[in-house]
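Inside the fold
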Amino acid sequence: MALRTIRVEGDPILRKECRPVKEMNERTHILINDMFDTMYEADGVGLAGPQVGILKRLCVIDCGDDPLVLINPEIVSVEGEQIGQEGCLSVPGKYGIVKRPAKVTVRALNEDMEEYEVTGEGLLARALCHEIGHLDGQMYVDLVIGELHSYDEEMESEEIEEMSE
């Protein structure tokens, strides 16, 4: 497999809407494997097509349980809310506080182009929303409460609570 170059904030491709994947072919299988390799090499939990310069509705997520391939994903339900720190491989060295749903159900196709649903809470809910946002040209920096912070800055949990009020 090959590592792909991760596009960073300011690259116009990150703000474009992706096209649906119509069929699975060898190039798309290679892309999926490359995206996992690239995500793992960068210590990420998710990576979307536009982040590697491909405008396809495709993302990969691995929050430590079961790696997910999501082709043409759509959010079908959300519940509650959570507020927490969020970062992005396309915004290196920075994080912000973002409000997301606490629970999310997504319908997508897997690598065999079979429809399935996945429901996530906590980090998985956050990752699903984050990566699907990329497919619509949205970045988490658009949703940050307050300012972006550098990873070398420490943010206390009391500060996060204050931002959520």
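Turning next to the nonpolar core. Grouped together as the largest cluster of nonpolar side chains are 27 residues, with contacts concentrated most on I61, L70, V106, V118, L128 and Y140. Elements with a minimum of two residues in this core: strand 2 (58-61), strand 3 (68-79), strand 6 (103-109) and helix 2 (123-135). Ranked by residue count, the leading element in this core is helix 2, at seven residues.

An ideal rise of 1.5 Å per residue puts 18 Å on 13 residues; helix 2 measures up with 19 Å between its terminal C-alpha atoms. For helix 2, the tally of buried residues reaches 12 of 13 residues, placing the bulk of the element in the interior. Of all the residues in helix 2, the buried ones are L124, A125, R126, A127, L128, C129, H130, E131, I132, G133, H134 and L135. Trailing helix 2 by a residue or two, G137 shows a phi angle of about 80 degrees, which is positive.

Turning our attention to unusual backbone geometry. One non-glycine residue with positive phi stands out, namely N72, at about 50 degrees. Within the secondary structure, N72 sits in strand 3. In the Ramachandran plot, M113 falls in the positive-phi region, its phi being about 60 degrees despite a non-glycine side chain. Structurally, M113 is set in the loop between strand 6 and strand 7 (115-121).

This part is about the sheet that holds strand 4 (residues 82-87). Overall, antiparallel pairing links the three strands, which are arranged 4-5-8 in an open sheet. Of all strands in the sheet, those bounded by a partner on one side alone are strand 4 and strand 8 (145-150). Sheet twist, expressed as the mean angle between neighbouring strand axes with direction ignored, is 30 degrees. For strand 4 and strand 5 (residues 94-100), the ladder comprises six bridges, and the chain directions are antiparallel.

Rules behind the numbers
Residues numbered from 1 in each chain as written. Predicted model: local features only at pLDDT ≥ 70, side-chain atom pairs only at ≥ 80, totals over all residues. Heavy atoms only, no water. Core = buried A, V, L, I, M, F, W, Y, C linked by side-chain atoms within 4.5 Å. Buried < 20%, exposed > 50% of the residue type's maximum accessible area, 1.4 Å probe, protein only. Helix = DSSP H or I, 4+ residues; strand = E, 2+ residues; numbered from the N terminus. Expected span 1.5 Å × (residues − 1). Pairing = 2+ DSSP bridges. Axes fitted to C-alpha atoms, helices over the stretch in contact; angles between N-to-C directions.

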